[in-house]
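Structure assessment
Given next are the chains, with one letter for each unit.
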Amino acid sequence: MKRLALVAGIWFLLIGTGVAGPYLISVNQFVEHPALDAVLRGLQDDLQEHDVAADFKVHNAQANMGTAVQIGQQMIGERADLLVAIATPSAQATVQALRKAPKDLQRPLLFTAVTDPVAAGLVAAFDRPGDQVTGVSDLLPLAEHLQMILTYRPQLKRLGVLYNAGEANSKATLVALQRLAEQNGVTIVEATAAKTADVHAAVKSLVGRCDAVFIPTDNTIVSALESVLKVGGENRLPIFAADVDSVARGAVAAMGFDYYQHGRQTGAMARKILAGTKPSALPVEYQQELQLHINLKAAEAMGAPPPQQLIDRAAKLYR
Amino acid sequence: MTMYAALGALEQGLVYGIMVVGVYLTFRILDFPDLTVDGSLPLGAAISAVAITGGVAPYGALLLAAAGGFLAGVVTAVLNTKFKILHLLASILTMIALYSINIRIMSGPNIALIGSATVFDPLIGVGVPGHLAGLVVYALFAVAVVGALIWFLKTAFGQTLLATGDNPQMITSLGVNTHLVIIVGVGLSNALVALSGALVAQNQGAADVGMGIGTIIAGLASVIIGETIFGASTVVRAVIAALLGSVLYRFAIALALSIDFRGFSFSPSDLNLITALLVIGALVAPQLREKVRRR
């Protein structure tokens, strides 16, 4: 009991020192789009609400790998207290810059919005991150996603999946989804778009070939979501998404990947690191909270009114 | 700009400089605007990444990458010369095809190389710090490539290449097969671009199918900046100017990333605008200078 009190005391002291800042946090974000922007906002809000004074230097690579590498090097030189990398390519570039940096410029690095940090070479294993590197994975809880879609559309036989075959995250999602779908007697119908301009044609190719469309957390498709929604509305083809921001924009429903919450979770890890915890002591985390968001107006337009049991479960309903 | 960022810009300028010298070869010498490079840069990265993870020595992987790039260039040039497809369109076709091919080569869009053997290991092995090893290796490669290209352009074949770009009619009337010259020229250019991509991938820790986006813009910007600032009166001078133009271009980006003047800083989304302004500035500056001189 005494020990517990001591630990609690130290903990409060550590939180207390949080206001001593301001800390400098350098951010390497790969591209500007609503989901990744929400991660950054979640991180910033979390620190602010916990009275951690932090100045942010935010760099954005404009989806250019070469720029991401230069930003990584720029960040090492900024001597920040904490490095944050948003999305896989930026995380790879920053980790590499960090590994090459001289000892006195080494800083802890937190990656976020990265689906598979092990395959990306960022950490050796989820529970054993490196000396300087850890973060939050946005690996999708696909079983829950599929379950929600099947509760919504019990007659579903063919599920269209729209993604960019050039995005590692989405490719991994598709492979996992195919396995799950097979177990549930659902056929996956693929359509890929290499860039945002191709999205419209890709979703059109799905019309008539599937009963509903699922969009994973794919940067390309989510960037051009409106053209997908338009086709969904015109053909009464319900569009499901993996992230809730897309529901706000007009997708039918999503089983709760909330990038803002993802950012807040990253913020909680950032606070621990700023308070002195070594990244190696913090295993890679997954998104903890899942919420069901439903857009009733979109559901109506796409000819797919939700069953009552899902309406009852929804954390947020758009009317 | 911090010292570390400056070293980074120099490093990036040198490694992409190899690509820029390749772009110079097609764009200026052959008068062949070649967009293949947006695909052949990641092609080089993909081949070297697959080779390295498959157990090929890093330097061997570079050779394979360059060979792959050469083939990509040959495809574009054959489409243009033998099948009469406009050079711009031929190169776009090869570029978009390479997007799919690169994903095939890597069995996915991205291969991580963090922790794999690289061309920098020998230097790091003898105690050179990681952040300097890239710089040294890149500098050696850049100088070697520039030297080799200058030598090549002075050979009989190189002279034919120069003449083909200048005056194809004249060269054809001399009985030279311009098609072969163009095919070899565009092939060589893309071999350099792929070599650059392979070196970039080994340093940045990943090959990614999207890493080629904007290669041609960076290449043209660097060639033009180099010409404007260092001149292009002779071929030797122009090749060196292309390499230095690449370094300046990367410095400009590093500067834009670090400017923080009394609360004013460039927004991340301004980077593309800055690139465009930089190129326009480099294109317009000589004309302005000329006008002032005439007065």
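Residues numbered from 1 in each chain as written. Chains lettered and ligands numbered in written order. Predicted model: local features only at pLDDT ≥ 70, side-chain atom pairs only at ≥ 80, totals over all residues. Heavy atoms only, no water.

Selection rule: UniProt positions are given in the numbering used here, feature names are shortened, and annotations may be inferred rather than shown by experiment.
Under an unreviewed UniProt entry, chain B has the name ABC transporter permease and belongs to Desulfofustis limnaeus. In its Subcellular location (unreviewed entry) section, the UniProt record describing chain B reads: "Cell membrane".

The name given to chain A in an unreviewed UniProt entry is ABC transporter substrate-binding protein, with Desulfofustis limnaeus as the source organism.

Considerations on the sheet that holds strand β1 (residues 23-29) of chain A
Within a sheet, neighbouring strands are paired by backbone hydrogen bonds and run either parallel or antiparallel to one another. Residue and element names in this part refer to chain A. Keep this limit in mind: Strands were regarded as paired on the criterion that DSSP finds at least two bridges between them. A run of DSSP states H or I qualifies as a helix once it reaches four residues; a run of E qualifies as a strand once it reaches two. Both are numbered from the N-terminal end.
In space, the six strands of this open sheet follow the order β2-β1-β3-β4-β5-β11, with parallel pairing throughout. Pairing within the sheet leaves two strands with one partner each, and these edge strands are β2 (54-60) and β11 (285-286). Judged from the five bridges that link them, β1 and strand β3 (residues 82-86) form a sheet pairing that is parallel. Each bridged residue has a counterpart across the sheet, and for I25 the counterpart in β3 is L82.

Points about the confidence of the model for chain A
Residue and element names in this part refer to chain A. Quick note on the threshold: Along the chain, pLDDT gives the predictor's confidence residue by residue, from 0 to 100. When checking whether two residues touch, look at their non-hydrogen atoms; a contact exists if any pair is within 4.5 Å.
For chain A, the mean per-residue pLDDT works out to 89, and 93% of the residues sit at or above 70. Across chain A, the element-wise mean pLDDT spans from 51 in helix α1 (residues 2-17) up to 97 in β3. Counted against residues more than four places away or in other chains, residues 11-19, with its pLDDT under 50, gives seven contacts.

Description of the sheet that holds strand β9 (residues 239-243) of chain A
Residue and element names in this part refer to chain A. As a reminder, the rule being used: Where helices are involved, their axes are fitted lines through C-alpha atoms of the stretch in contact, as for all axes, and angles between N-to-C directions lie from 0 to 180°.
The mixed open sheet is built from seven strands, whose spatial order is β7-β6-β8-β9-β10-β12-β13. The two strands at the open ends of the sheet, each matched to only one other strand, are β7 (187-192) and β13 (316-318). Each adjacent strand pair in this sheet contributes to an overall mean axis angle of 20°, direction not counted. Looking at chain direction, β9 and strand β10 (residues 253-257) are connected through three bridges and run parallel. Looking across to β10, one finds that F240 is bridged to A253. Of the strands in this sheet, β6 (158-163), β8 (212-215) and β9 are in contact with helix α9 (residues 225-234), which crosses β9 at around 150°.

Concerning the environment of A35 of chain A
All names here are of chain A. Structurally, A35 can be placed in helix α2 (residues 34-49). C-alpha of A35 to C-alpha of R179: the two residues are 144 residues apart in sequence and 26 Å apart in space. Apart from residues lying up to four places away in sequence, A35 is in contact with D245 and Y259.

Overview of the environment of A270 of chain A
All names here are of chain A. Going by this rule: Per-residue accessibility, obtained with a 1.4 Å probe over protein chains only, is compared with the maximum for each type, and a residue is labelled buried under 20%, exposed over 50%, and partly exposed between these values.
Following the sequence through the fold, A270 ends up in helix α11 (residues 259-274). On the basis of relative accessibility, which here comes to 0%, the residue A270 falls in the buried class. In the structure, A270 is positioned 163 residues away from R107 in sequence and 12 Å away in space, judged by C-alpha atoms.

Quick word on the interface of chain A and chain B
Using the following cut-off: Here the buried area means the combined drop in accessible surface, using a 1.4 Å probe, for two parts upon being joined, counting both sides. Any carboxyl oxygen of Asp or Glu that lies within 4 Å of a side-chain nitrogen of Lys or Arg is treated as forming a salt bridge with it. Counted as a polar contact is a pair of N or O atoms within 3.5 Å, where, for protein atoms, one must be capable of donating a hydrogen and the other of accepting one, and residues adjacent in sequence contribute only when both atoms are in side chains. Ten residues, namely Ala, Val, Leu, Ile, Met, Phe, Trp, Tyr, Cys and Pro, are considered nonpolar, four, namely Asp, Glu, Lys and Arg, are considered charged, and the remaining ones, Gly among them, are considered polar.
Contacts between the two partners involve 39 residues from chain A, matched on the other side by 36 residues from chain B. Interface area, chain A with chain B, both sides summed: about 3,000 Å², of which 56% is carbon and sulfur. There are one salt bridge connecting chain A and chain B. With a shortest N-O distance of 3.7 Å, E11 of chain B and K100 of chain A are connected by a salt bridge. At the boundary of chain A with chain B, the tally comes to six residue pairs in polar contact (both at pLDDT 80 or more). Every element with two or more residues in the side of chain A that touches chain B is listed here: β2, α3 (65-77), α4 (88-100) and α6 (168-183) of chain A. In terms of residues, the side of chain A that touches chain B owes the most to one element, α3 of chain A, which gives ten residues. Per-class residue counts for the side of chain A that touches chain B are 17 nonpolar, 15 polar and seven charged.

Comments concerning the UniProt feature "transmembrane region" (unreviewed entry) in chain B
Residue and element names in this part refer to chain B. Feature annotation in UniProt assigns "transmembrane region" (unreviewed entry) to the following positions: residues 7-27, 85-103, 135-153, 174-200, 206-226, 238-259 and 271-288. Helix makes up 89% of residues 85-103 and strand 0%, with an end-to-end C-alpha separation of 26 Å. End C-alpha to end C-alpha, residues 206-226 measures 29 Å, and it is 57% helix and 14% strand.

What to know about the packing of aromatic side chains
Rule in force here: Ring geometry is summarised as follows: Phe, Tyr and Trp rings, the Trp one being its six-membered ring, pair when their centres sit within 6.5 Å, and such pairs are stacked at plane angles under 30 degrees, edge-to-face over 60 and tilted between the two. For a ring to carry a charge above it, either NZ of a lysine or CZ of an arginine must fall within 6 Å of the ring centroid while also lying within 35 degrees of the normal to the ring plane.
Applying the stated rule across the entire model yields five aromatic pairs over all chains. Ring centres of F126 of chain A and Y286 of chain A lie 5.1 Å apart, and the angle between their planes is 10°; on these two criteria the pair is classed as stacked. Of this pair, F126 of chain A sits in the loop between β4 (109-114) and β5 (133-137) while Y286 of chain A sits in strand β11, and the two are 160 residues apart along the sequence. Relative to F141 of chain B, the ring of Y59 of chain B lies with its centre 6.2 Å away and its plane at 15°, an arrangement referred to as stacked. Note that Y59 of chain B is positioned in helix α3 (residues 58-81) and F141 of chain B in helix α6 (residues 130-154), a separation of 82 residues in sequence. The positively charged end of R250 of chain B is found above the aromatic ring belonging to Y16 of chain B, 4.2 Å away from the centroid.

Considerations on the packing of helix α7 (residues 199-206) of chain A against α9 of chain A
Residue and element names in this part refer to chain A. Condition: Throughout, the term roughly parallel applies to angles under 35 degrees, roughly antiparallel to angles over 145, roughly perpendicular to angles from 65 to 115, and oblique to all others. Helix crossings fall into two classes, left-handed where the near helix is turned counterclockwise from the far one by less than a right angle and right-handed where it is turned clockwise.
Contact geometry of α7 with α9 gives a least axis separation of 9 Å together with a crossing angle of 30°. Overall, the two elements α7 and α9 adopt an arrangement that is roughly parallel. Handedness of the α7/α9 crossing: right-handed. Contacts between α7 and α9 involve V199, H200, V203 and K204 from the first element and S227, V228 and V231 from the second. Of the residues belonging to the contact of α7 with α9, the class tally is four nonpolar, two polar and one charged.

Description of the side chain of E285 of chain A
Residue and element names in this part refer to chain A. Spelled out, the test is: For the purpose of counting charges, residues Lys and Arg are taken to be positive, whereas Asp and Glu are taken to be negative. His and the chain ends are not included.
Inspection of the secondary structure assignment puts E285 in strand β11. Summary of buried charges: E285 has no salt-bridge partner, and the nearest side chain of opposite charge, K272, is 4.2 Å away. Only 3.0 Å separates the side chain of E285 from the side chain of Q265, close enough to count as a polar contact. Those residues within four positions of E285 in sequence are excluded, and the remaining contacts are G135, V136, S137, Q265, M269 and K272.

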